[in-house]
Amino acid sequence: MKQWVDRLRIEKSLPSEGYRALLTCRDAETMEYLHRQAREVAYTYFGNRIYIRGLIEISNCCRNNCYYCGIRKGNTHIERYRLSQETILECCTQGYELGFRTFVLQGGEDRLQSADWIEETVSIIRKQFPDCAITLSLGEYPPEEYKRFFRAGANRYLLRHETYNQEHYSLLHPVEMSWKHRISCLESLKNIGFQTGTGIMVGSPGQTVEHLIDDIHFISRLRPEMIGIGPFIPHQDTPFGNQPAGSIEQTLILLSIFRLMHPNALIPATTALATLAPNGREKGILAGANVVMPNLSPGNERKKYELYNNKASLGAEAAEGLSILRKQLQTIGYEISTEKGDFWKREN
Ligand code: 5AD
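Residues numbered from 1 in each chain as written. Predicted model: local features only at pLDDT ≥ 70, side-chain atom pairs only at ≥ 80, totals over all residues.

1. Remarks on the UniProt feature "binding site: (3R)-3-methyl-D-ornithine" (unreviewed entry) in the protein
According to UniProt, the positions carrying the feature "binding site: (3R)-3-methyl-D-ornithine" (unreviewed entry) are Ser137. Inspection of the secondary structure assignment puts Ser137 in strand S4 (residues 133-137). The contacts of Ser137, once residues within four sequence positions are left out, are Val104, Leu105, Gln106 and Leu158. (UniProt positions renumbered as here; feature names shortened; annotations may be inferred. Helix = DSSP H or I, 4+ residues; strand = E, 2+ residues; numbered from the N terminus. Contact = placed C-beta atoms within 7 Å.)

Pasting the structure below:
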């Protein structure tokens with residue numbers, strides 16, 4: 001089994017049977033070996049420094065009805081909100097003072113915050129914070145609108161493909177949503193010049209090991225600059241409310257596989273991982289992650305952006321809890337980097 005790990009580290013890819021062996025491995029020693037290799041690779045690129053991104057959840061209004069997501073259109077049990085440009089700027093200002101140099105604007109596909117509005121918001125932030133990266137995570141738009149966001153000064157875009165298997169995609173999403181369109185959005189984003197992030201939920205309902213292998217091959221072809229991997233966590237007011245959560249171990253295995261395949265990629269220890277497992281964030285970092293994304297949203301709205309039950313937004317998950325995060329990272333030998341943390345190309 002260790003041979004697969006060694007081969008992955010050297011060749012940066014495996015035949016499907018190698019991924020299958022790793023993804024179904026239950027042996028603690030092999031897993032520790034995999035995580036250690038991934039950690040070493042991350043260390044050669046990033047040292048013991050973890051990039052931080054300030055997450056601003058700009059709207060929980062969404063036109064989509066994804067079966068897994070707590071802010072789906074069909075959920076009548078949540079109070080909807082939209083942040084104004086002024087509030088978003090206040091979040092950025094607060095974040096800047098705390099040391100953040102990347103702001104991530106995330107939200108549902110809210111067509112009232114129109115493309116014009118987003119473009120304007122980006123250009124205001126760009127003007128006020130010229131030394132910061134602006135990341136958008138706002139779902140699917142036509143390529144022309146992505147282009148406008150890019151020209152206005154956005155540098156990065158996060159759009160998880162969720163699953164590369166089309167049948168599985170339609171198990172997770174209602175018919176109005178198209179797998180093809182999602183994949184084509186990712187291609188547009190890359191072509192436009194965004195540092196592009198994609199990824200999946202681990203253990204989403206109906207997901208098989210074969211699906212995960214297809215996801216790995218897809219990500220290896222796309223070569224995204226950022227890879228977001230977190231466990232699925234049920235939300236009570238969704239059709240998947242009674243489904244089991246994804247496995248932490250499998251999430252960590254995937255993190256390590258992606259680190260070995262994409263040594264310089266930006267890979268977060270996700271909030272979902274931190275929510276599901278005690279020390280989930282630390283475990284993610286020790287499996288090869290090099291980014292964390294504390295929450296910069298206004299305190300009174302944070303609870304309303306509940307993608308899944310009990311989503312963590314306090315303590316080390318909160319931007320104002322940076323000192324807690326710093327201490328947690330210290331206990332495992334890491335420190336926060338306040339650099340902008342762009343994707344950095346380096347040959348081997
Ligand atoms: N559990 C875990 N992750 C979720 N997301 C949405 N709903 C859930 C859930 N129930 C993830 C999706 C989306 C990202 C913003 O949050 O992968 O792309």
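From this point, the discussion proceeds with the structure in view.
2. Concerning the nonpolar core
Counting residues in each nonpolar core, the largest one holds 96 residues, and the members touching the most others are Ile56, Phe103, Ile257 and Phe258. The leading source of residues in this core is helix H10 (residues 248-261), at eight residues. Not counting the four nearest positions on each side in its chain, Phe258 is found in contact with Ile219, Ile227, Ile229, Ala265 and Ile267. (Core = buried A, V, L, I, M, F, W, Y, C linked by C-beta atoms within 7 Å. Buried ≥ 20, exposed ≤ 12 C-beta atoms within 10 Å, placed from the backbone.)

3. Some thoughts on the UniProt feature "domain: Radical SAM core" (unreviewed entry) in the protein
Per the UniProt record, the feature "domain: Radical SAM core" (unreviewed entry) sits at residues 48-270. The annotated region residues 48-270 carries 39% helix and 17% strand content, and the separation between its end C-alpha atoms amounts to 18 Å.

4. With respect to the pairing of strand S2 (residues 54-59)
In regular strands, side chains alternate between the two faces of the sheet. Of all six residues in S2, six are buried, a share of seventy percent or more. Bridge analysis of S2 against strand S3 (residues 102-107) gives five bridges, and the strand direction is parallel. Following the sheet pairing, Ser59 is matched in S3 by Gly107. (Pairing = 2+ DSSP bridges.)

5. Quick look at the sheet that holds strand S9 (residues 335-337)
Taking strand neighbours across the sheet as the criterion, the three strands line up as S8-S1-S9 in an open arrangement whose pairing is parallel. The open sheet is flanked by strand S8 (291-292) and S9, the only strands paired with a single partner. Note that strand S1 (residues 49-52) and S9 share three bridges and pair parallel. Counterpart to Arg49 in the pairing with S9 is Glu335. Relative to the sheet, helix H14 (residues 322-331) contacts S1, S8 and S9, its axis offset from that of S9 by approximately 125°. (Axes fitted to C-alpha atoms, helices over the stretch in contact; angles between N-to-C directions.)

6. Description of the packing of helix H2 (residues 16-23) against H10
Packing of H2 against H10 brings their axes to within 10 Å, and their N-to-C directions diverge by 140°. From H2, Tyr19, Leu22 and Leu23 reach across to H10, where they touch Gln250, Ile253 and Ile257. Grouping the constituent residues of the contact of H2 with H10 by class yields five nonpolar, one polar and no charged. (Nonpolar A, V, L, I, M, F, W, Y, C, P; charged D, E, K, R; others polar.)

7. Let's talk about the packing of helix H1 (residues 2-11) against H2
Between H1 and H2, the shortest axis-to-axis distance is 10 Å and the interhelical angle comes to 125°. One finds that H1 runs oblique with respect to H2. The handedness of the crossing between H1 and H2 comes out as left-handed. Packed against H1, whose contacting residues are Trp4, Arg7 and Leu8, the element H2 presents Gly18, Ala21 and Leu22 at the interface. Here the contact of H1 with H2 is built from residues that sort into four nonpolar, one polar and one charged. (Parallel < 35°, antiparallel > 145°, perpendicular 65-115°, else oblique. Left-handed = near helix turned anticlockwise from the far one by under 90°.)

8. A few points about the site of the ligand
Around the ligand, a shell composed of Tyr68, Cys69, Arg160, Glu162, Met201, Gly230, Phe232, Ile233, His235, Ala272, Leu307 and Tyr308 is seen. Per-class residue counts for the shell around the ligand are eight nonpolar, two polar and two charged. (Near = placed C-beta within 6 Å.)

9. Notes on the sheet that holds strand S6 (residues 195-202)
Taken together, six strands build an open sheet; the order of strands is S2-S3-S4-S5-S6-S7 and the sheet is parallel. A strand with exactly one partner marks an edge of an open sheet, and here the two such strands are S2 and strand S7 (226-231). The average angle at which neighbouring strand axes cross in this sheet is 20°, direction not considered. With six bridges connecting them, S6 and S7 associate as parallel partners. Pairing of Met201 across the sheet is with Gly230, part of S7.

10. Describing the environment of Ile10
Among the secondary structure elements, Ile10 is positioned in helix H1. Residue class for Ile10 comes out exposed when judged on the 8 C-beta atoms lying within 10 Å of it. With 251 residues separating them in the primary sequence, Ile10 and Met261 have C-alpha atoms 9.1 Å apart.

11. Thoughts on the confidence of the model for the protein
Overall, the prediction assigns the protein a mean pLDDT of 97, with 99% of residues at 70 or greater. Here the predicted complex scores 0.97 on pTM and 0.99 on ipTM. (pLDDT = per-residue confidence, 0-100.)

12. Quick notes on the environment of Thr93
Within the fold, Thr93 resides in helix H4 (residues 85-98). Take Thr93: there are 12 C-beta atoms within 10 Å of it, and that puts it in the exposed class. Residues Thr93 and Phe129, spaced 36 residues apart in sequence, show a C-alpha to C-alpha distance of 8.7 Å.

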